[in-house]
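One letter stands for each residue in the lines below.
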Amino acid sequence: MNLADIGTGFHILAKPIGPRCNLDCDYCFYTEKEELFPKTDSSKMSDPVLEAYIRNYIQSQSIPEIQFVWQGGEPTLLGIDFFKRVIHFQRKYAGGKAIINAIQTNGTLIDEAWCQFIKANNILMGISIDGPEVINDFYRKDLKGQPSAKRVINAIALFNQYEIQYNALVCVSHASAGKGLEIYHFLKKIGVKYIQFTPIVERTASTDEAQMGLKHATPAHANQAHINHQMASFSVLKGEYGDFLIDIFDDWVRNDVGDIFIMNFEWALESWLGLPSTVCIFSKTCGKALAIEHNGDLFACDHYVYPEYRLGNVLEDSLKTIIESPIQVAFGMAKANSLPNQCQSCEVKFACNGECPRHRFDITIGGEYGLNYLCSDYKKYFTHIHPYMKVMVKLIQNNLPVSKVMEVFKGPIVVIKQ
């Protein structure tokens, strides 16, 4: 389960409380977006905007299942009553379509009342945790500078107790480097079954960006050959992320296939099966995963919530019209069109596709701008897992459980063709 890109059709990440959060994580790229809204703004999605969004989103898609994802900031700051209104409007406009809700939370406000509501309404949950306390709390503190890990671990225990479906979103920062196995074993110990590892790749703000009140650099444009390349201190360094994934993969493929589900490895398997990627970062093109802010403004992507990427407002525009607009189509196609020549001939292009455009600010060996910062990491990681992915594909093709790949370490797998 990946809360960042679930479902078919087009997808929207809703920010019902905007950038507001009760944590002050050092690496968070979103909370600073408060600087882009009026100081008098409450950052709370009003009922008129909420109803318009839900109606518009459902009616703009022809698929039978509509999936809503609520992020932030921290959406649970809005309280349970807000989400009761969400469900009320969804039922009003469902029109026979199935509705699924997912909430991405930092977990610090989760209690029994929340769990009862979540369970009763079959809400999927994503919860952020970076590992054991010493690792998690290195960058993830609250507004008073207090650690958050104990509250998050308690929330996970409640999720397990109430048998709530959830996945753990684990940010891989410089503090995580070399600690992949420690983090992975900890997550298993506290009962986590679904995991997603996300690299922290942030540059420091330029002088102009700092004057806007930003700490992080805005996304690089394809023609910016001379931009600020100063990486933030918390960013994972080149070489660290690839080794992090490989360390965990080698442990998982020996012991946990079919029991622990790691989204990063499942995305890779999709590519080896020749299937279109279900996650935007590894798709050939993008542009079908927008963000809606609390005031109804639509933006090209969750990572591109800046004035120049504003597409319209849900109170005034059809979401279908916005997603099909020339400007958004061009935004999505730019991912493929701007891929450097070095990537075009790369043997792992089928699995990587240059990853997320916001990370493409490096220079190729030929001096071409637009190489992904984590290029060498992904190449090393995808090359490493290649033999195992080939075995998994063969197992699937022969209607055998993928978990049999673990037998590679006990002896050769014999697959009899049907």
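Being a predicted model, the structure only gives us computed values, none of them experimental.

1. Structural notes on the packing of aromatic side chains
Aromatic ring pairs are reported here in terms of the distance separating the ring centres and the angle at which the planes meet.
Here is step 1 of the chain: For the coordinates displayed, the defined rule picks out 36 aromatic pairs.
Here is step 2 of the chain: Considering the side-chain rings of Tyr27 and Tyr139, the 6.0 Å spacing of their centres and the 70 degrees angle between planes classify their relative orientation as edge-to-face. On the criterion of sequence distance, the pair formed by Tyr27 in the loop between strand S1 (11-14) and helix H1 (47-59) and Tyr139 in helix H4 (residues 133-139) is long-range, its members being 112 residues apart. Side by side, Tyr27 and Tyr139 carry an identical accessibility label, which is buried.
Here is step 3 of the chain: Residues Phe29 and Tyr30 carry aromatic rings whose centres are separated by 5.9 Å and whose planes lie at 90 degrees to one another, so their mutual orientation is edge-to-face. Each member of the pair, Phe29 as well as Tyr30, is classed as buried.
Here is step 4 of the chain: In this structure, Lys15 is placed above the aromatic ring of Tyr30, and the distance from its NZ or CZ to the ring centre is 4.0 Å.
Here is step 5 of the chain: The ring centre of Phe361 lies 4.8 Å from the NZ or CZ of Arg203, which sits over that ring.

2. Regarding the sheet that holds strand S8 (residues 289-292)
Here is step 1 of the chain: Across the sheet, 10 strands lie side by side as S7-S6-S5-S4-S3-S2-S1-S8-S9-S10; this open sheet has mixed pairing. Each having just a single partner strand, strand S7 (261-262) and strand S10 (310-313) make up the two edges of the open sheet.
Here is step 2 of the chain: With 2 bridges joining them, S1 and strand S2 (residues 65-70) adopt parallel strand pairing. Within S2, the position partnered with Ala14 by the bridge is Trp70.

3. Quick look at helix H6 (residues 180-189)
Here is step 1 of the chain: Those residues of H6 not exposed but buried are Gly180, Ile183, Tyr184, Phe186 and Leu187. One side of H6 carries all its buried residues, which in axial view fall inside an arc of 160 degrees.
Here is step 2 of the chain: The elements touched by buried residues of H6 are H4, helix H5 (149-161), strand S5 (166-172), strand S6 (194-199), helix H8 (240-255) and S7.
Here is step 3 of the chain: Positive phi shows up at Gly191, right after H6, with a value of about 95 degrees.

4. Thoughts on the environment of Leu395
Here is step 1 of the chain: With respect to the element layout, Leu395 can be found in helix H14 (residues 375-397).
Here is step 2 of the chain: Note: C-alpha distance between Leu395 and Ile292 (103 residues apart in sequence) is 41 Å.

5. Focus on the pairing of strand S12 (residues 369-372)
Here is step 1 of the chain: Note: strand S11 (residues 360-363) against S12, 3 bridges, orientation antiparallel. The residue bridging Arg360 from the neighbouring strand is Asn372, located in S12.

6. Details of the nonpolar core
Here is step 1 of the chain: Tyr53, Phe197, Trp252 and Phe382 are the most contacted members of the largest nonpolar core, which totals 111 residues.
Here is step 2 of the chain: Here the element with the most residues in this core is H14; it accounts for 9 residues.
Here is step 3 of the chain: Each residue touching Trp252, except ones within four places of it in the same chain, is listed here: Tyr184, Val257, Ile260, Ile262, Phe265 and Met392.
Here is step 4 of the chain: With 10 residues, the next largest nonpolar core counts Cys21, Cys25, Tyr27 and Cys171 among its residues.

7. Regarding the pattern of salt bridges
Between side chains of opposite charge, a pair can form as their charged atoms come close.
Here is step 1 of the chain: Summed over the entire model, instances satisfying the criterion amount to 17 salt bridges.
Here is step 2 of the chain: Here Lys380 ties to Asp243 by a salt bridge, and the two come within 2.6 Å at their closest N and O atoms. Of this pair, Lys380 sits in helix H14 while Asp243 sits in helix H8, and the two are 137 residues apart along the sequence.
Here is step 3 of the chain: Between Arg310 and Asp297 there is a salt bridge, with its nearest N and O atoms 3.1 Å apart. Note that Arg310 is positioned in strand S10 and Asp297 in strand S9 (residues 297-299), a separation of 13 residues in sequence.
Here is step 4 of the chain: Given a relative accessible area of 39%, Arg310 falls into the partly exposed group.
Here is step 5 of the chain: The exposure class assigned to Asp297 is buried, which follows from its relative accessible area of 11%.
Here is step 6 of the chain: Among the charged side chains, a network of salt bridges with common partners joins Lys188, Asp251 and Asp256.

8. A short note on the packing of helix H9 (residues 263-272) against H14
Here is step 1 of the chain: Running from N to C, H9 and H14 cross one another at 65 degrees; their axes reach a closest spacing of 9 Å. The angle between the axes of H9 and H14 places the two elements in the roughly perpendicular class. The two elements H9 and H14 meet at a crossing, and its hand is right-handed. Listed contacts from H14 to Asn264, Phe265, Ala268, Leu269 and Trp272 of H9 are Tyr381, Phe382, Ile385, His386, Met389, Lys390, Met392, Val393 and Ile396.
Here is step 2 of the chain: Split by residue class, the contact of H9 with H14 holds 11 nonpolar, 2 polar and 1 charged.

The rules behind these values
Residues numbered from 1 in each chain as written. Predicted model: local features only at pLDDT ≥ 70, side-chain atom pairs only at ≥ 80, totals over all residues. Heavy atoms only, no water. Phe/Tyr/Trp six-rings, centres within 6.5 Å; stacked < 30°, edge-to-face > 60°. Helix = DSSP H or I, 4+ residues; strand = E, 2+ residues; numbered from the N terminus. Buried < 20%, exposed > 50% of the residue type's maximum accessible area, 1.4 Å probe, protein only. Lys NZ or Arg CZ within 6 Å of the ring centre and 35° of its normal. Pairing = 2+ DSSP bridges. Arc of directions from axis to C-beta. Contact = heavy atoms within 4.5 Å. Core = buried A, V, L, I, M, F, W, Y, C linked by side-chain atoms within 4.5 Å. Salt bridge = Lys/Arg side-chain N within 4 Å of Asp/Glu carboxyl O. Axes fitted to C-alpha atoms, helices over the stretch in contact; angles between N-to-C directions. Parallel < 35°, antiparallel > 145°, perpendicular 65-115°, else oblique. Left-handed = near helix turned anticlockwise from the far one by under 90°. Nonpolar A, V, L, I, M, F, W, Y, C, P; charged D, E, K, R; others polar.

Purely geometric stuff here, so don't read any function into it on its own.
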